[in-house]
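# A look at the structure
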Amino acid sequence: MAARRLWPQSVALALLWLLALGFVLYAAGFGWRGLTRDLSGQTYLYTHGGWAANLAVFGHMLAGAAITCLAPLQVSAALRRRFPALHRGMGRVLVAGGMLAGLGGLAYIALRGTIGGPWMDFGFALYGVCMVVAAVQAFRFARRRDIARHRRWALRLFVLAMASWLFRVHYGLWFLATGGLGSTEGLTGPFDRVQVLAFFVPYLVLLELWLRRHPEPGAA
Ligand code: HEM
């Protein structure tokens, strides 16, 4: 693709990166505080004396912050072409971060469960499994130099990496529009029930439809 055709993608990804930056800093700060301080009085996510659950949930926030920050840079065709070594380096961090975020979240669900109960446990566990599978597959196909498959899995990982931010975007927009209709503190309202899957499943479906129309890297 000619360089001049890449700039709309570069601008869109830069905008996405900027929009997600607030959440990245929030997640990184929360994760760091949870790993270095006793947050018992401040958040239900902290388990007093429960080092494993704390390591899982706050560690997953740090890993999650890293992948949310790197994912828009990783899919940039302009950066990949100019700095292939950077693409490979960030790719390794994304794969490791995706696995840590996914496995950390899954471990926390197994140890403590989510605030929303079994339905939210299910949705978030599915999200974690998808994240781990996408990270492993993107890595495997990159190692095999199977670029077509690597691209498909890497794009799935990208969508999943941005989905946690989208979860908060959905809530922000919904609260602005309705004041929080159908949502409860314990995330058990009808809106919450839908969100448990709606922050990643529709985007993965859209990506699959897009991939059918653009099966090759140069086609889009
Ligand atoms: C993509 C990057 C991710 C980031 C940046 C991230 C960040 C966060 C943050 C900041 C929280 C604390 C709640 C809040 O303050 O909003 C949280 C909660 C949680 N996350 Fe993640 N997360 C990510 C991915 C994942 C994945 C892949 C899983 C998979 C299982 C997961 C499972 C959970 C669970 C179970 C909770 C606790 C829910 C509750 O009971 O309140 N997260 N995450």
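The text that follows walks through the structure, step by step, so that each part is easy to find. On a predicted model such as this, the values are computed, not experimentally measured, just so you know. (Residues numbered from 1 in each chain as written. Predicted model: local features only at pLDDT ≥ 70, side-chain atom pairs only at ≥ 80, totals over all residues. Heavy atoms only, no water.)

## Remarks on the overall build of the protein chain
Selection criterion: Runs of H or I in DSSP of at least four residues are treated as helices and runs of E of at least two as strands, each being numbered from the N terminus. Here, two residues are considered to be in contact whenever any of their heavy atoms come within 4.5 Å of each other. Calculation of accessible area relied on Shrake-Rupley with a 1.4 Å probe; when residues are assessed, cover is drawn exclusively from the protein chains displayed. The charged-residue count follows a simple rule in which Lys and Arg add positive charge and Asp and Glu add negative charge, with His and chain termini not counted at all. Note that the charge is assigned to NZ on lysines, CZ on arginines, CG on aspartates and CD on glutamates.
Regarding its fold elements, the protein chain presents 8 helices and 0 strands. Starting at the N terminus and walking to the C terminus, you meet the elements of the protein chain as α-α-α-α-α-α-α-α. On the principal axes, the C-alpha backbone points of the protein chain span a range of 55 × 40 × 25 Å. Put simply, of all contacts in the protein chain between residues at least 6 apart along the chain, 67% involve residues at least 24 apart. When the accessible surface of the protein chain is split by element, carbon and sulfur atoms take 69% of a total near 12,000 Å². Within the protein chain, one finds 22 positive and 7 negative side-chain charges whose respective centroids are separated by 15 Å.

## Details of the coordination of the iron atom of the ligand
What counts is decided by this rule: Water is not part of the atom set, so a site may look incomplete; the donors themselves are N, O and S atoms within 2.8 Å of the metal, or 3.2 Å for Na, K and Ca.
In this structure, the iron atom of the ligand receives exactly one donor atom from the protein: His 60 (NE2), at 2.0 Å. Checked against the element boundaries, His 60 lands in helix H2 (residues 51-74).

## Things to note about the site of the ligand
We apply this condition: For this description, a residue counts as near a given molecule or strand if any of its non-hydrogen atoms is within 4 Å of it. Within 3.5 Å is the distance limit for a polar contact, defined as a pair of N or O atoms, with the added protein rule that one can donate a hydrogen and the other accept it, and that residues adjacent in sequence qualify only through two side-chain atoms. For this classification, the nonpolar set comprises Ala, Val, Leu, Ile, Met, Phe, Trp, Tyr, Cys and Pro, the charged set comprises Asp, Glu, Lys and Arg, and every other residue, Gly included, is treated as polar.
The full set close to the ligand counts 28 residues, and Tyr 26, Tyr 44, His 60, Ile 115 and Arg 168 are the nearest of them. Tyr 26 places a polar side-chain atom, nitrogen or oxygen, 2.3 Å from an oxygen atom of the ligand. Tyr 44 has a polar side-chain atom sitting 2.5 Å from an oxygen atom of the ligand. Those elements that provide at least two residues to the shell around the ligand are helix H1 (3-36), H2, helix H4 (84-111), helix H5 (118-143) and helix H6 (147-178). Residues of the shell around the ligand, tallied by class, amount to 19 nonpolar, 8 polar and 1 charged.

## As for unusual backbone geometry
Filter applied, for reference: The classification of residues rests on relative accessible area computed with a 1.4 Å probe and restricted to protein chains. Under 20% of the type maximum is buried, over 50% is exposed, and intermediate values are partly exposed.
The phi torsion at Arg 145 lies on the positive side, around 60 degrees, for a residue other than glycine. Secondary-structure assignment places Arg 145 in the loop between H5 and H6. Relative accessible area serves as the criterion here: at 66%, Arg 145 is assigned to the exposed category.

## Thoughts on a positive patch on the surface
Selection criterion: In this scheme, patches are assembled from residues that exceed 30% relative accessible area and form no salt bridge. Like charges are connected within 9 Å, while nonpolar side chains (Val, Leu, Ile, Met, Phe, Trp, Tyr) are connected within 5 Å. One speaks of a salt bridge when a side-chain nitrogen belonging to Lys or Arg is within 4 Å of a carboxyl oxygen belonging to Asp or Glu.
Taken together, Arg 88, Arg 92, Arg 143 and Arg 145 make up a surface patch of like positive charges. Note that Arg 92 resides in helix H4.

## Some points on the packing of H2 against H4
To be explicit about the condition: Where helices are involved, their axes are fitted lines through C-alpha atoms of the stretch in contact, as for all axes, and angles between N-to-C directions lie from 0 to 180°. In this scheme the handedness of a crossing depends on how the near helix is turned from the far one: anticlockwise by less than a right angle means left-handed, clockwise means right-handed.
Relative orientation of the contacting elements H2 and H4 amounts to 145 degrees, with a least axis distance of 7 Å. By crossing handedness, the relation of H2 to H4 is classed as left-handed. When its residues are assigned to classes, the contact of H2 with H4 shows 17 nonpolar, 9 polar and no charged.

It is worth stressing that arrangement in space is one thing and function is another; only the former is reported here.
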